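Chain and residue survey
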Amino acid sequence: MSENPVTRQQKVTLQNKHGEKLVGVFHDAGSADVVVLCHGFRSSKMNETMMNFSAALEQEGISAFRFDFAGNGESEGLFQYGNYWREVEDLRSVVEYFIAANRRITAILGHSKGGNIVLLYASKYHDICNVINVSGRYKLDRGIEERLGKDFLERIKKDGHIDVKSGAGDVQYRVTVESMMDRLNTNMHEACLVIDKECRVLTVHGSADEIIPVEDALDFAKIIPNHKLHIIEGADHSYTSHQAELTSGVLPFIKEGLAGGQ
């Protein structure tokens, strides 16, 4: 492990294609190579997994950038339930920002919904050769009833939206018909089939994931051409007790990509 005492953290603000400000933290380890980290649903750049990956990459002398998608954290814009392809374009804006600054995007890594975003990015833009999907969902029509309750489609079509409330009855976010259809019409199977064979993909998943079943990771492994699968025994969706195993499972993959000059 390389010592890197000169890492600087700086807040970076850039614009997405809708003129909204995206806010992130750049961990500048002095390397031209940058790993971009993408958070999950209703999360932010301050998520523990994003913070731990940034620190682990710093220790290896690799620069990292963790940012908030539009409508999340410090970034501008309205939070939306779906927004899969729109978040892909947010990621594209980040990639273009660093390329313009003469940096190389070595890898893109996403956790949970962020895992979906990095895979969708790889299916549309074929310019990043190392993609890490941490606990992404393969079948996006699953997991909705757990959040929204039974008969969610009938209710949302009747009322035009569903308000998701906290235990105290406060509205946490609103799911519109449009954002629901955005999710249901996002086809991970089709997207994964068009990821380049030269693009190395690592899927990491916890065997005890209570949000997204580990079977989804096996489905990704079946169809992505250049794929590695790493199951962390006993880990839940947030890797609550397995953060060290998570970073140690991912770092060698990123370093292999660097060594290969990809």
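Residues numbered from 1 in each chain as written. Predicted model: local features only at pLDDT ≥ 70, side-chain atom pairs only at ≥ 80, totals over all residues. Heavy atoms only, no water.

1. Details of the overall build of the protein chain
- Each helix and strand counted, the protein chain has nine helices and 10 strands in total.
- In terms of overall dimensions, the protein chain is globule-like: its C-alpha atoms have a radius of gyration of 18 Å, near the 18 Å expected for 262 residues.
- Dimensions along the principal axes, computed over C-alpha positions, put the protein chain at roughly 55 × 40 × 35 Å.
- Put simply, the protein chain has 262 residues, and 53% of those count as buried.
- By sequence separation, contacts in the protein chain at least 24 residues apart represent 70% of the contacts at least 6 residues apart.
- Seen as two clouds, the 29 positive and the 37 negative side-chain charges of the protein chain have centres 3 Å apart. (Helix = DSSP H or I, 4+ residues; strand = E, 2+ residues; numbered from the N terminus. Rg over C-alpha atoms; globule rule 2.2 N^0.38 Å. Buried < 20%, exposed > 50% of the residue type's maximum accessible area, 1.4 Å probe, protein only. Contact = heavy atoms within 4.5 Å. Lys, Arg positive; Asp, Glu negative; His and termini not counted. Charge placed at Lys NZ, Arg CZ, Asp CG, Glu CD.)

2. Here's the deal with the pairing of strand 10 (residues 227–232)
- Sheet topology places strand 9 (residues 200–206) next to strand 10; six bridges connect them, and they run parallel. Its bridge partner being in strand 10, histidine 205 is matched across the sheet by isoleucine 231.
- Handedness of the crossover is the feature at issue here: the chain leaves strand 9, passes through helix 8 (residues 215–223), returns alongside strand 10, and the resulting connection is right-handed. (Pairing = 2+ DSSP bridges. Right-handed = clockwise from strand over helix to strand, strands pointing away.)

3. Observations regarding the domain arrangement of the protein chain
- Segmentation of the protein chain into domains returns domain 1 (8–139 + 187–260) and domain 2 (141–185).
- Averaged C-alpha coordinates put domain 1 and domain 2 at centres separated by 25 Å.
- Taken together, the contacts link 13 residues of domain 1 with 15 residues of domain 2.
- If you sort the residues of domain 1 by the area they bury against domain 2, Arg42, Tyr81 and Lys139 come out on top, with a joint share of 47%.
- For the interface between domain 1 and domain 2, the tally reads one salt bridge.
- Between arginine 142 and aspartate 216 there is a salt bridge, with the nearest N and O atoms lying 2.2 Å from each other. (Domains from an automatic or database assignment. Buried area = accessible area lost by both parts, 1.4 Å probe. Salt bridge = Lys/Arg side-chain N within 4 Å of Asp/Glu carboxyl O.)

4. Comments concerning unusual backbone geometry
- One non-glycine residue with positive phi stands out, namely serine 112, at about 60 degrees.
- Locating serine 112 in the fold gives a position in the loop between strand 5 (104–111) and helix 3 (113–124).
- For serine 112, a relative accessible area of 11% corresponds to the buried category.

5. Quick look at the sheet that holds strand 2 (residues 21–28)
- The eight strands are arranged 1-2-4-3-5-6-9-10 in an open sheet whose pairing can be described as mixed. One side of each edge strand has no neighbouring strand; the edge strands of this open sheet are strand 1 (8–15) and strand 10. Adjacent strand axes in the sheet meet at a mean angle of 20 degrees when their direction is disregarded.
- Note: strand 3 (residues 33–38) against strand 5, six bridges, orientation parallel. For valine 36, the partnering residue across the bridge sits in strand 5 and is isoleucine 108.
- Lying over the sheet, helix 9 (residues 243–259) contacts strand 3, strand 5, strand 6 (130–134), strand 9 and strand 10, oriented at roughly 175 degrees with respect to strand 9. (Axes fitted to C-alpha atoms, helices over the stretch in contact; angles between N-to-C directions.)

6. Brief notes about the environment of arginine 137
- Positionally, arginine 137 belongs in the loop between strand 6 and helix 4 (144–148).
- Residues contacting arginine 137, with those up to four places away along its chain left out, are Asn116, Arg142, Gly143, Arg183, Met188, Ile211, Ile212, Pro213, Asp216 and Phe220.
- Separated by 3.4 Å, the side chain of arginine 137 and the backbone oxygen of arginine 142 make a polar contact.
- Engagement of the side chain of arginine 137 in a polar contact is seen with the backbone oxygen of isoleucine 211, the distance being 3.1 Å. (Polar contact = N/O pair within 3.5 Å; in protein donor to acceptor, adjacent residues only side chain to side chain.)

7. Remarks on the nonpolar core
- By size, the foremost hydrophobic cluster in this structure holds 39 residues, and its most contacted members are Val36, Phe65, Leu91, Ile108 and Leu119.
- Non-local contacts of leucine 119, meaning those with residues more than four positions away in its chain, are made with Val131, Asn133, Met188, Cys192, Ile195, Val201, Phe220 and Ile224. (Core = buried A, V, L, I, M, F, W, Y, C linked by side-chain atoms within 4.5 Å.)

8. Some thoughts on the side chain of arginine 92
- Assignment of secondary structure puts arginine 92 in helix 2 (residues 84–100).
- The contacts of arginine 92, once residues within four sequence positions are left out, are Lys17, Tyr121, Tyr125 and Asp127.

9. With respect to a negative patch on the surface
- Where like charges cluster on the molecular surface, the negative patch consists of Glu145, Glu146, Asp151 and Glu154.
- With respect to the secondary-structure elements, glutamate 154 resides in helix 5 (residues 152–159). (Patch = residues over 30% accessible without salt bridge, like charges linked within 9 Å, V, L, I, M, F, W, Y side chains within 5 Å. Areas by Shrake-Rupley, 256 points an atom, 1.4 Å probe, with all protein chains shown as cover.)

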